[in-house]
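Below are the chains, spelled out letter by letter.
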Amino acid sequence: MNFALTDSQQKIQHRARDFAQTRVAPIAREMDERGAMPLELVREMGVLGFLGGPLPSEYGGEGWDAVSLALCYEELGRVDSSVRGLMTVHTSLVSQCILKWGTAEQKQKFLPKLARGEWLGCYALTEPNAGSDAASMETTATQDDDEFVLNGEKIWITNGNIADVAIVFANSNRALKHKGICAFLIETNLKGFAREKMRGQELGHRASDHAHIRFENMRVPKTALLGNVGEGFKVAMSALDHGRLGVAAGALGVAQACLDASVEFARTRRQFGQRIGDFEMIQSVIANMAADVDAARMLVYRAAWLKDEGQRATRETSIAKLFATEAAVRAASEAVLLHGGRGYSNEYPVERYYRDIKGLQIYEGTSHIQRIVIARDLIGKEM
Ligand code: CAA
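To start, this report covers the structure provided alongside it. (Residues numbered from 1 in each chain as written. Predicted model: local features only at pLDDT ≥ 70, side-chain atom pairs only at ≥ 80, totals over all residues. Heavy atoms only, no water.)

1. Quick look at the packing of aromatic side chains
- Evaluated as defined, the whole model comprises eight aromatic pairs.
- Between the aromatic rings of phenylalanine 19 and phenylalanine 50, the centroid separation amounts to 5.6 Å while the plane-to-plane angle is 75 degrees, which identifies the pairing as edge-to-face. Here phenylalanine 50 lies in the loop between helix H3 (39-47) and helix H4 (66-79) and phenylalanine 19 lies in helix H1 (residues 7-24), a separation of 31 residues in the sequence. There is no split in this pair, since phenylalanine 19 and phenylalanine 50 are both buried.
- Here the guanidinium or amino end of lysine 113 rests over the ring plane of tryptophan 119, the centre of that ring lying 4.8 Å away.
- Taking NZ or CZ as reference, arginine 330 lies 5.8 Å from the ring centre of phenylalanine 323, over its face. (Phe/Tyr/Trp six-rings, centres within 6.5 Å; stacked < 30°, edge-to-face > 60°. Helix = DSSP H or I, 4+ residues; strand = E, 2+ residues; numbered from the N terminus. Buried < 20%, exposed > 50% of the residue type's maximum accessible area, 1.4 Å probe, protein only. Lys NZ or Arg CZ within 6 Å of the ring centre and 35° of its normal.)

2. A closer look at the state of the cysteines
- Within this structure, the stated rule accounts for zero disulfides.
- Unpaired in this structure, cysteine 72 has its nearest cysteine sulfur neighbour in cysteine 258, at a distance of 20 Å. (Disulfide = S-S within 2.5 Å.)

3. Quick notes on the site of the ligand
- Around the ligand, 30 residues are found, and the nearest of them are Ser132, His178, Lys179, Lys234 and Glu364.
- Between an oxygen atom of the ligand and a side-chain N or O atom of arginine 244, the distance comes to 2.9 Å.
- Looking at the shell around the ligand, the elements that each hand over two or more residues are helix H5 (81-101), strand E3 (147-158), helix H7 (232-268) and helix H11 (367-379).
- With seven residues, the top contributor of residues to the shell around the ligand is H7.
- Residues belonging to the shell around the ligand are distributed by class as follows: 14 nonpolar, eight polar and eight charged. (Near = heavy atom within 4 Å. Polar contact = N/O pair within 3.5 Å; in protein donor to acceptor, adjacent residues only side chain to side chain. Nonpolar A, V, L, I, M, F, W, Y, C, P; charged D, E, K, R; others polar.)

This is the structure in structure tokens:
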């Protein structure tokens, strides 16, 4: 068993770390306060090769393996979950999904622009009445000659207001339940596509864009189908296999950031005449956090490595997402407490990690859903 990263993986890790620390970290607090991120940052990520990283060179990518992609998400997650989230949706849920399910024409048309960051992507699955139970979606796709007519609504769509491209899921025959679902790859400037910001202020991920999208008799050509009629649920689930690894790696980054901040604070903050890091209660917190970070890292890298070995890693990806997000929630909570009053203010970044991490525990399948995926894979379907 070899735990060492290859030269190429290390180079990608350093490129991502350098961008995260020098370009993102200095403006993370300002983005959180402003509730948006500068689009130049996204363009820079395109130029640096992050947005097309895992795509083959013929589509403008660098052919990264899954471990390299996880390393990039980890480094971004360490400084800002909104920036990492934008990339996970764009690259893993959208581009990698097109690479797997798209026709030659779709790949040629969409992937190079997505790889350069010229176009941004979003993934429209969740609805007001279909969150965890994704198969119960109410958005309909009615066939009319060579077109489909979409009607319905989607909520909590990350990148939804700024995306040029959307993967949209709709049911063409609700009697067939999930077997009636179709996936469509559409451009968002088509008539009948309406979008607005989600109401209310989010707890975290405040620099992310979250949209409420409505389809009102939106006509899309049959050629917009991604996969065949009725294959949409499989398209959605296989995309989530990619996306969930991205969320798990991002959560690992958050947990690492909480550990780094806690160690630094324990070394410098003095109370009762000594560094607080010399108190055993503080040492215990830091030791538990370090063990959690190491375990999360092993699980995230293992799931990525399995993908690189060409093996299906749905269960291992869910284990990685479940453990890494829960570990990061614990780490953020302890980091705020360890920082005392300072941790309760946005003067220190642990306050933002604490708010952001709750989102990772929820989106792309809550911790409850990850447990369902893991347990069903172990127990199997009743014949
Ligand atoms: N890959 C390919 N196919 C898969 C699959 C996978 N990972 N997982 C399931 N399938 C297939 C099954 O094999 C089955 O196929 P057959 O009909 O041929 O047997 C079919 O899909 C149905 O599977 P299930 O019976 O397991 O489906 P279910 O309705 O019981 O749902 C679930 C399973 C795991 C609970 C699923 O609904 C789920 O993951 N829910 C959570 C949804 C979610 O993550 N939403 C977040 C959306 S994105 C987001 O957060 C916001 C954003 O902006 C990105």
